[in-house]
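# What the coordinates show
Given next are the chains, with one letter for each unit.
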Amino acid sequence: MNCELKLQEQVNELFEQQLSVWEMARNNFEGLKTVQIREFDFDGFGVKVQFNPARMVSSGAKVDAKTIAQRKCFLCAANRPEVQRGIAWRDYDILINPFPIFTRHLTIPRREHVDQQLVPYINDMFDLARELTDFVVFYNGPKCGASAPDHMHFQAGNADFLPLVSDYFNLKAKGKCTKQCTIDGADVYTIDNYLRVVYCIESADAEALRQAFMKLYNSWVKEEEVEPMMNVVCLYRDGKWYLFVIPRGAFRPWQYTAEGDKQLLVSPATVEVSGLFITPVKEHFERITKEDVVDILTQCTIE
């Protein structure tokens with residue numbers, strides 16, 4: 001990979017190279033062109049539901065300690081498919097995600113096998129967002145949708161695809177966001193009547209952004225926790241970072257393990273709590289209702 005190119009340009013080259021040689025990934029990305037979408041309208045925003053059978057790998061992942069101990073880590077370089085290539089960036093490898101949700105979907109694991117935990121690496125998240133100008137960078141907490149909670153990683157997807165991003169700017173322009181406070185030069189907003197609590201921290205200064213995040217984080221974390229349950233999205237636009245923090249209430253809803261026609265295999269991670277539900281089972285995609293969406297968000301986030 002040409003190291004003289006900007007990171008965004010290197011990523012564009014990576015997609016071109018990988019999809020030319022990796023048949024499974026190419027087929028899964030091609031499959032996104034024909035995925036089925038449903039949308040439920042709320043007050044000034046919508047929640048989309050995508051039928052994406054390739055995501056069964058993630059939605060159906062067992063992440064209990066016993067299962068993780070018994071399987072090889074698929075994010076470690078030694079266990080990746082031979083055809084998979086990446087871009088070296090600091091202590092990370094930038095990889096295309098072969099089971100995509102986004103039309104441009106990246107997984108960005110650290111090279112060392114360390115547990116999923118945000119605080120030690122949050123500055124890397126900010127820098128990735130600034131360099132990957134066409135993407136949002138996001139983080140699934142270890143109990144909030146990460147299918148590899150034993151290996152620290154970020155993901156990234158094209159910024160125009162995540163409903164939360166457009167919702168925030170649209171609703172803020174209509175006066176439907178509330179400024180909660182200013183912390184160390186960073187402004188903290190929440191979105192009004194959004195079915196779940198979302199904090200958005202805005203700042204042109206990375207250290208101010210980090211300090212504001214840490215004050216929220218420290219107000220939530222409990223002594224016995226590694227970190228509070230949360231999903232985080234980072235966007236850099238027009239010289240400013242936007243850090244969306246969604247506190248979580250539960251890992252999965254009761255519908256996930258229900259039987260028969262009550263089951264809905266929805267495993268909420270960042271994408272779901274940002275307004276895009278992924279359903280890998282067609283029957284569940286067809287059956288899910290607006291009321292189900294509200295109930296799942298109510299269980300898995302904080303209202």
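Reading the values: rules and limits
Residues numbered from 1 in each chain as written. Predicted model: local features only at pLDDT ≥ 70, side-chain atom pairs only at ≥ 80, totals over all residues. Heavy atoms only, no water. Helix = DSSP H or I, 4+ residues; strand = E, 2+ residues; numbered from the N terminus. Buried < 20%, exposed > 50% of the residue type's maximum accessible area, 1.4 Å probe, protein only. Pairing = 2+ DSSP bridges. Axes fitted to C-alpha atoms, helices over the stretch in contact; angles between N-to-C directions. Salt bridge = Lys/Arg side-chain N within 4 Å of Asp/Glu carboxyl O. Parallel < 35°, antiparallel > 145°, perpendicular 65-115°, else oblique. Contact = heavy atoms within 4.5 Å. Nonpolar A, V, L, I, M, F, W, Y, C, P; charged D, E, K, R; others polar. Core = buried A, V, L, I, M, F, W, Y, C linked by side-chain atoms within 4.5 Å.

### Remarks on the environment of F213
Take F213: it is sitting in helix α7 (residues 206-220). Note on F213: relative accessible area 0%, which makes it buried. Once the C-alpha coordinates of F213 and Y199 are considered, the two residues, 14 residues apart in sequence, prove to be 9.6 Å apart.

### Quick word on the pairing of strand β4 (residues 92-96)
Within β4, five of the five residues are buried, which leaves it mostly tucked inside the rest of the structure. Where burial is concerned, the two faces of β4 agree: the one with Y92, I94 and I96 and the one with D93 and L95 are both buried. As paired elements, strand β3 (residues 87-89) and β4 share three bridges and run antiparallel to each other. Counted as the bridge partner of I87 is I94 from β4. Counting the residues that bridge the hairpin from β3 to β4 gives two residues, and of these R90 lies at a positive phi of roughly 50°. Judged from the two bridges that link them, β4 and strand β5 (residues 105-109) form a sheet pairing that is antiparallel. Its bridge partner lying in β5, I96 is registered against L106.

### Focus: the pairing of strand β8 (residues 177-183)
As a general feature of sheets, a regular strand has side chains that alternate between the two faces. Pairing of β8 with strand β9 (residues 186-191) involves six bridges; the strand directions are antiparallel. The residue of β9 that forms the bridge with T182 is D187. Counted between consecutive antiparallel strands, the loop separating β8 from β9 contains two residues, among which D184 sits at a positive phi close to 50°.

### What about the sheet that holds strand β13 (residues 276-279)?
Reading across the sheet, the three strands line up as β1-β2-β13 and stay open at both edges, with mixed pairing between neighbours. The sheet is open, and its two borders are formed by β1 (36-41) and β13, each paired with just one other strand. Strand-to-strand twist across the sheet, computed as the mean angle between neighbouring axes with direction ignored, equals 20°. Relative to β13, strand β2 (residues 46-51) is paired through four bridges, and the arrangement is parallel. The partner of K48 across the bridge, within β13, is L276.

### Some words on the pattern of salt bridges
Side chains that differ in charge, positive against negative, can pair when their charged atoms come close. Evaluated as defined, the whole model comprises 17 salt bridges. Close ionic contact of D93 with R80 constitutes a salt bridge, the shortest N to O distance being 3.2 Å. Pair noted here: D93 is in strand β4 and R80 is in the loop between α4 (65-70) and β3, with a separation of 13 residues, a long-range link. The same class applies to D93 and to R80, which are both buried. The partner of R287 in a salt bridge is E283, and the shortest N-O contact between them spans 2.8 Å. One end of the pair is R287 and the other is E283, both in helix α9 (residues 282-287) and four residues apart, which spans about a single turn. Assessed through its relative accessible area of 23%, R287 is described here as partly exposed. Linked through salt bridges whose partners overlap, the residues forming this network are R90, D91, R110, E112, D124, D127 and R130.

### Focus on the packing of helix α1 (residues 7-21) against helix α2 (residues 23-31)
A pair of packed helices is captured by two measures, namely the crossing angle of their axes and the spacing between those axes. Two elements in contact, α1 and α2, have axes whose closest approach is 6 Å; the angle formed by their N-to-C orientations is 110°. Taken together, the axes of α1 and α2 lie roughly perpendicular to each other. Side by side, α1 and α2 meet where F15, L19, S20 and V21 of the first sit next to E23, A25, R26 and F29 of the second. Residues of the contact of α1 with α2, tallied by class, amount to five nonpolar, one polar and two charged.

### Details of the nonpolar core
Counting residues in hydrophobic clusters, the biggest one holds 48 residues, and the most contacted among them are L106, F154, F213 and L243. In terms of residue count, α7 provides more of this core than any other element does, seven residues in total. Ignoring any residue separated from it by four or fewer positions in sequence, one finds F154 in contact with Y92, L106, T107, I108, L118, Y121, D124, M125, L128, V137, F138 and Y139. Counting residues in each nonpolar core, the second largest holds 40 residues, with V49, I101, V136 and L235 among its members.

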